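Inside the fold
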Amino acid sequence: KEVHEGKCYLTSNGHGSVLRVVNLITLRLERWDGKFCVEVGKWSLEEGVVQQTRAQLPGSKMRAGELALQALRRLTSKELSVLNPEVDGSAAVEVEEAASDSYGVPTRYVKTNFRARTSAPAAKDTCSIPAGAEGFEVFQDIELWDAHGDFLDNDKTSVYAWVTDAEFKHLAHSEMKGRRFMFLKEI
């Protein structure tokens, strides 16, 4: 399916085995206080919960024939437009090989990493995990928000958090991937 949609391609690794290659972009978007934006889950309107994902920088797989800057514009115009990100300088490219979590095949990830800043105020609808929410202490005191500003009106949307480097390291290696939680809106 991904090959047909132009999100990856298959090649040989030189030893006769199949190698999946994925080109993607990531964005480290920082705000005025030094915290940066990470995706921590996906909101499901149907289920009324957030499916937690491994914390990661906002990003997107590049489509067939798409340049990295075009993929970045697509990401920032759809998911992060409310923050009006200002991209800093040039991008850095990194290549990593690992077995795909989804497909279990050797995969080469070619990441083009961008940096940006925002001076936009916080998202209009932020949420917090209430104190004492067993198992979710990792999210307490972290501001969570969705890309569209209203969890209740979107079927599937990314949920983001503003975090420090230390919080990101903790969330990125958290054993909580796949857990579900509900948001309580702040009044």
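Our subject in this report is the structure included herewith. What you see is a predicted model, and the numbers here were worked out from it, not measured in a lab.

So, how was this worked out
Residues numbered from 1 in each chain as written. Predicted model: local features only at pLDDT ≥ 70, side-chain atom pairs only at ≥ 80, totals over all residues. Heavy atoms only, no water. Phe/Tyr/Trp six-rings, centres within 6.5 Å; stacked < 30°, edge-to-face > 60°. Helix = DSSP H or I, 4+ residues; strand = E, 2+ residues; numbered from the N terminus. Buried < 20%, exposed > 50% of the residue type's maximum accessible area, 1.4 Å probe, protein only. Lys NZ or Arg CZ within 6 Å of the ring centre and 35° of its normal. Pairing = 2+ DSSP bridges. Contact = heavy atoms within 4.5 Å. 1 Å grid on protein atoms, 1.4 Å probe; cavity = no way out; pocket = protein on both sides within 12 Å on 5 of 7 lines; lining within 4 Å. Points joined across faces, edges and corners; volume = space filled by probe spheres on them. Nonpolar A, V, L, I, M, F, W, Y, C, P; charged D, E, K, R; others polar.

**Quick look at the packing of aromatic side chains**
A complete count under the given rule lists one aromatic pair for this structure. With centroids separated by 5.5 Å and ring planes inclined at 70°, the aromatic side chains of F36 and F168 adopt a geometry described as edge-to-face. With F36 in strand β3 (residues 36-44) and F168 in helix α2 (residues 165-172), the pair connects residues that are 132 residues apart, well separated along the chain. Residue F36 is classed as buried on the basis of its relative accessible area of 1%. Taking NZ or CZ as reference, R28 lies 3.7 Å from the ring centre of F36, over its face.

**Concerning the pairing of strand β7 (residues 106-117)**
In terms of strand pairing, strand β2 (residues 18-30) meets β7 through eleven bridges, oriented parallel. Bridging from a neighbouring strand, L24 pairs with K111 of β7. As defined by bridge partners, strand β6 (residues 86-99) adjoins β7 across eleven bridges and the pair is classed as antiparallel. Each residue of the ladder has a partner; that of A99, found in β7, is P106. What sits between the antiparallel neighbours β6 and β7 is a turn of six residues, in which G104 has the positive phi angle 70°.

**A word on the side chain of R74**
Relative to the helices and strands, R74 resides in helix α1 (residues 68-78). Overall, R74 belongs to the buried group, its relative accessible area being 15%. Those residues in contact with R74 that lie beyond four places of it in its chain are S60, K61, M62, R63 and E66.

**A few points about the layout of surface pockets**
By volume, the largest pocket amounts to about 1600 Å³. As for the largest pocket, its lining consists of 43 residues, and the residues nearest its centre are L24, E39, R54, Q56 and K61. Looking at the lining of the largest pocket element by element, the count peaks at five residues for strand β4 (residues 49-56). A per-class count over the lining of the largest pocket returns 13 nonpolar, twelve polar and 18 charged.

**Side note on α1**
Every buried residue of α1 is listed here: A68, A71, L72, R74, L75 and T76. Each element contacted by the buried residues of α1 is listed here: β2, β5 (59-61), β6 and β7.

**Thoughts on unusual backbone geometry**
Residue N84 is not a glycine yet carries a positive backbone phi of 45°. Within the secondary structure layout, N84 lies in the loop between α1 and β6.

As far as function goes, none of this settles anything; it's purely spatial.
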